[in-house]
Amino acid sequence: MMSSDYDEKSGIVKIADEVIAICAVNATLRTPGVADFSPVFSDSFPKSFFGKDPQYKGLKVSQHDDGIAVDIFVVVDYGVKIPAVAWDIQENVKNEIEEMTDAPVKAVNIHVQGVRMKDGGESADEQV
């Protein structure tokens, strides 16, 4: 796996999506109140169209000229304040990516897909 590409003509270093995803995964899972990642519907498309599994379920990375955008699909623990957890995830992910890659982060979008009850099961009644 190549972690970055360097374009000699433009002098731009392109960080691989996998490197950014690893930063985002680590920062998200270290955030109190996050139970797990939630696979998204479109995660099945790469396997069906390209014959491969996506490496990071519940996470999408998009790189643009003006910065990096990350969409994170999570399940949170029951009883947490969802806006506070979402804010903490955004801050942690943004700081981690910018610290590790020196690339600007323009957006960290949090999609809460469900709530995990204390017994470890996901409550269908609590899904958003």
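Residues take numbers from 1 onward in each chain, read along the sequence in its written order. Totals for whole chains, interfaces and linings use every residue, but because this is a predicted model, local features are given only for residues with pLDDT of at least 70 and side-chain atom pairs only at 80 or more, for both listing and counting. Computation of side-chain values: all heavy atoms of the structure, hydrogens and water removed.

A. Focus on the overall build of the protein. Scanning the protein from terminus to terminus reveals three helices and six strands. Written out in order from the N terminus, the α and β elements of the protein read β-β-α-β-α-β-β-α-β. Only protein chains enter the calculation, and the probe is 1.4 Å; a residue is then buried if its accessible area is under 20% of its type maximum, exposed if over 50%, and partly exposed in between. Counting all 128 residues of the protein, 35% fall into the buried class. Note on contacts: a residue pair is in contact if any heavy atoms of the two residues lie within 4.5 Å. In the protein, of all internal contacts separated by at least 6 residues, the share reaching a separation of at least 24 is 59%. With the model as given, the accessible surface of the protein reaches about 8000 Å², and the carbon-plus-sulfur share is 51%. Secondary structure follows DSSP: runs of H or I at least 4 residues long count as helices, runs of E at least 2 residues long count as strands, and numbering of each begins at the N terminus. Note that accessible areas follow from Shrake-Rupley with a 1.4 Å probe, and for residues the cover is restricted to the protein chains shown.

B. Summary view of helix α1 (residues 17–29). Expected helix span is computed as 1.5 Å times (number of residues minus one). Between the first and last C-alpha of α1 there are 18 Å, a value that for 13 residues agrees with the 18 Å anticipated at 1.5 Å per step. Among the residues of α1, I20, A21, C23, A24, V25, A27 and T28 are the ones counted as buried.

C. Region of interest: helix α3 (residues 82–101). In a regular helix each residue adds 1.5 Å, so 20 residues correspond to 28 Å; α3 covers 28 Å between its end C-alpha atoms and thus fits that length. Every buried residue belonging to α3 is among V85, A86, I89, V93, E96, I97 and T101, and all of these are buried. Take α3 and look down its axis: the buried residues cluster within an arc of 105°, on one side only. In this structure, α3 carries P83, W87 and E99 as exposed residues pointing more than 90 degrees from its buried face. One or two steps after α3, the chain reaches D102, where phi turns positive at roughly 60°. In this description, the arc belongs to the directions extending from the helix axis to the C-beta atoms.

D. Main features of the pairing of strand β6 (residues 105–116). Two strands pair when backbone bridges link them, and strand β5 (residues 67–77) and β6 are joined in this way by 10 bridges, in the parallel orientation. Opposite I68, over in β6, you have V105 as the bridge partner. Read as a crossover between parallel neighbours, the route from β5 over α3 to β6 is right-handed. In this scheme, strands are said to pair when DSSP sees at least two bridges between them. With the strands aimed away from the viewer, a crossover counts as right-handed if its path from the first strand over the helix to the second runs clockwise.

E. View of the environment of A103. Looking at the secondary structure, you find A103 in the loop between α3 and β6. The spatial distance from the C-alpha of A103 to the C-alpha of Q63 is 9.8 Å, given a sequence separation of 40 residues. Aside from chain neighbours lying at most four places away, what touches A103 is I68 and E98.

F. Just the environment of V34, in detail. Among the structural elements, V34 can be located in strand β3 (residues 34–37). Each C-alpha atom, one on V34 and one on V74, is 7.0 Å from the other, the two residues being 40 residues apart in sequence.

G. Geometry of the pattern of salt bridges. Should a side-chain nitrogen of Lys or Arg be within 4 Å of a carboxyl oxygen of Asp or Glu, the pair is scored as a salt bridge. Taken as a whole and assessed by the stated rule, the structure comprises four salt bridges. For K106, the salt bridge identified is with D66, shortest N-O distance 3.5 Å. Of this pair, K106 sits in strand β6 while D66 sits in the loop between β4 (59–64) and β5, placing them 40 residues apart in sequence. Looking at K106, the relative accessible area reads 43%, which means it is partly exposed.

H. Expanded view of unusual backbone geometry. Of note, the phi angle at D102 is positive, near 60°, even though the residue is not glycine. Mapping D102 onto the fold places it in the loop between α3 and β6. You can call D102 exposed: its relative accessible area is 71%.

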